[in-house]
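# Structural characterization, general
The lines below spell out each chain.
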Amino acid sequence: MKPEEQYCDFSTQAVHGGRYLHGEHAHSAPIYATSTFTFDNAEQGMNRFAGNENGFIYSRFGNPTTAEAADAIAKLEAFGLKDEKGDPLELSALLHSSGQSAMVTMFLSNLKAGDKVLTHYSLYGGTHEFLFDFLPGLGIQSLITDFKKIEETENLLMQNPEIKIIHIESPANPTMDCTDLQAVVTLAKKFQVLVTVDNTFSTPYLQQPFRFGVDFVFHSTTKFLNGHGNTIGGVLIGKDKAFMKSIVNRIHKLLGGNSSPFDAFLLLQGLKTLPIRMEKHCSNAKIIAKFLSEHPAVSKVNFNGLPDHPDYVLSQRQMRHAGAVMSFELAAGLEGGRKFIDALRICVRAVSLGTADTLVSHPASMSHSGMKREDRIKSGITDGLIRMSVGLEDPNDLLQDLRQALSATI
Ligand SMILES: *Cc1c(COP(=O)(O)O)cnc(C)c1O
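Nothing here was measured: the structure is a model prediction, and the numbers come from that model.

This model, assessed by the stated rule, comprises 10 aromatic pairs. Ring plane angle 35° and centroid distance 5.5 Å describe the contact between phenylalanine 37 and phenylalanine 56, whose orientation is recorded as tilted. Taken together, the residues phenylalanine 37 in the loop between α1 (10-16) and α2 (42-50) and phenylalanine 56 in the loop between α2 and α3 (64-78) connect sequence positions 19 residues apart. Put simply, the rings of Phe10, Phe79 and Tyr205 pair up and form one aromatic cluster. Its guanidinium or amino end placed over the ring of phenylalanine 61, lysine 253 lies 4.6 Å from that ring's centre, counting from NZ or CZ. Sitting above the plane of the tyrosine 205 ring, arginine 320 keeps its charged end 3.8 Å from the centroid.

What follows is the structure in structure tokens.
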């Protein structure tokens, strides 16, 4: 595709990816299983290191398979969007060994001692730990606010000129609360603060944060982008191409969080079916959320696609569909949670999300069992809370499984 060409629809972009011209006219992206790349002569080596000639040097710095997957995701995040001059938005992306690694590159590329980060409750556990338990040791503090309270947020920004980044997850686990990206970006611009978004739950098919003017997006590609649960991976995407090429590239190289070409290859396969998978994940999720919300053994359903969710209207405006991750509370509490999990026959007992099969976990007895009950409940993880990532099965099979497992809790 010539750079000036644009597809009519996201799904065509997903299928065609960033397609490079491959040696031997290979149709599918080859797995460049090589640690290093050869130079024809000393001058070429020099020019590649100096950045005067395009070409790969060493796979921790860059690799054709990982670059192709990164570009394919950058094109999806930018799809249909315009830059400040009205030209098609161009983004750059770097593939990482995990979502966690992409997140760390993002923060360390932008922060120095004395800076602060402003964020919200219910962050992904690894992000929370990095911001609140690790970065303080480097002299970087983080603050928490409720971005729905714009005045309070503005006051915090006024009182803390050290705030360099606002970091958002929307929707956020486990309540699926959403943040108004437009409102936060408008405020951030006033204070010249960067806005970063973890877009893992949404994927660019459901939500394109760059539409609202954010600065960086990262994903755990482990989840919906790969979609088949067979790799750990991450991607960091930025709109300041010069900054991505210099600072972010350097930090990525120094931290050594590069993706393996094989993982990138698997990710490329997943990306082609992203739109069609997300449609099914999301339509299944809607059916299941409605069923759960009407079931007597369930006291509460947290799903932003239900009209009684506080962010239903916002998520309708900001996202294509509500997503396919939800949580719900069993009336029968901790013991009910265990019984429910044990009774499942089709849904799979596992943490993680975004796989072809439906994954169900009970945070209180699994991922968050090490946390003090009091702290766990404060962060929304009640005793009977079940987290569910809805898969691609027929919804009737899922409903049948849930019905029988719920009856085990009563
Ligand atoms: C899984 C996940 C991460 C971390 O990604 P890894 O690939 O496990 O390192 C970050 N954010 C969210 C929202 C996630 O679900």
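We now examine the side chain of threonine 65. Take threonine 65: it is sitting in helix α3. A relative accessible area of 1% places threonine 65 in the buried class. Within the local environment of threonine 65, its side chain forms a polar contact with the backbone oxygen of proline 30, the two atoms lying 2.9 Å apart.

Lining the immediate surroundings of the ligand are 13 residues, of which Gln100, Asp198, Ser220, Thr222 and Lys223 lie closest. The side chain of aspartate 198 places a nitrogen or oxygen atom 2.7 Å from a nitrogen atom of the ligand. For the ligand, the protein covers 91% of the area, taking 380 Å² as the surface of the free molecule. A breakdown of the residues in the shell around the ligand according to their chemical character gives 4 nonpolar, 7 polar and 2 charged.

Right, let's talk about helix α4 (residues 99-110) for a bit. The terminal C-alpha atoms of α4, which comprises 12 residues, lie 17 Å apart, in line with the 16 Å expected from a rise of 1.5 Å per residue. Along α4, 10 of the 12 residues are buried, which leaves the element largely enclosed by surrounding structure. Listed in full, the buried residues belonging to α4 are Gly99, Ser101, Ala102, Met103, Val104, Thr105, Met106, Phe107, Ser109 and Asn110.

The subject of this paragraph is the environment of methionine 371. When you line up the elements, methionine 371 lands in the loop between β11 (359-361) and α14 (373-378). Overall, the relative accessible area of 33% leaves methionine 371 in the partly exposed class. The contacts of methionine 371, once residues within four sequence positions are left out, are Arg376 and Ser379.

Among soluble globular proteins, nonpolar side chains are generally buried collectively. One finds Ile166, Ile288, Leu292, Met326, Phe328, Phe340 and Met388 to be the most contacted residues of the largest nonpolar core, which totals 82 residues. Take this core: its biggest share by element is 8 residues, from helix α11 (residues 274-293). Per-domain counts for this core show at least three residues from each of domain 1 (10-272) and domain 2 (275-407). Beyond its immediate stretch of four places on either side in the chain, isoleucine 166 contacts Leu118, Phe147, Leu157, Val184, Ala188, Val193, Leu194, Val195 and Thr196.

About the criteria used
Residues numbered from 1 in each chain as written. Predicted model: local features only at pLDDT ≥ 70, side-chain atom pairs only at ≥ 80, totals over all residues. Heavy atoms only, no water. Phe/Tyr/Trp six-rings, centres within 6.5 Å; stacked < 30°, edge-to-face > 60°. Helix = DSSP H or I, 4+ residues; strand = E, 2+ residues; numbered from the N terminus. Lys NZ or Arg CZ within 6 Å of the ring centre and 35° of its normal. Buried < 20%, exposed > 50% of the residue type's maximum accessible area, 1.4 Å probe, protein only. Polar contact = N/O pair within 3.5 Å; in protein donor to acceptor, adjacent residues only side chain to side chain. Near = heavy atom within 4 Å. Areas by Shrake-Rupley, 256 points an atom, 1.4 Å probe, with all protein chains shown as cover. Nonpolar A, V, L, I, M, F, W, Y, C, P; charged D, E, K, R; others polar. Expected span 1.5 Å × (residues − 1). Contact = heavy atoms within 4.5 Å. Core = buried A, V, L, I, M, F, W, Y, C linked by side-chain atoms within 4.5 Å. Domains from an automatic or database assignment.

Keep in mind these values describe shape, not function.
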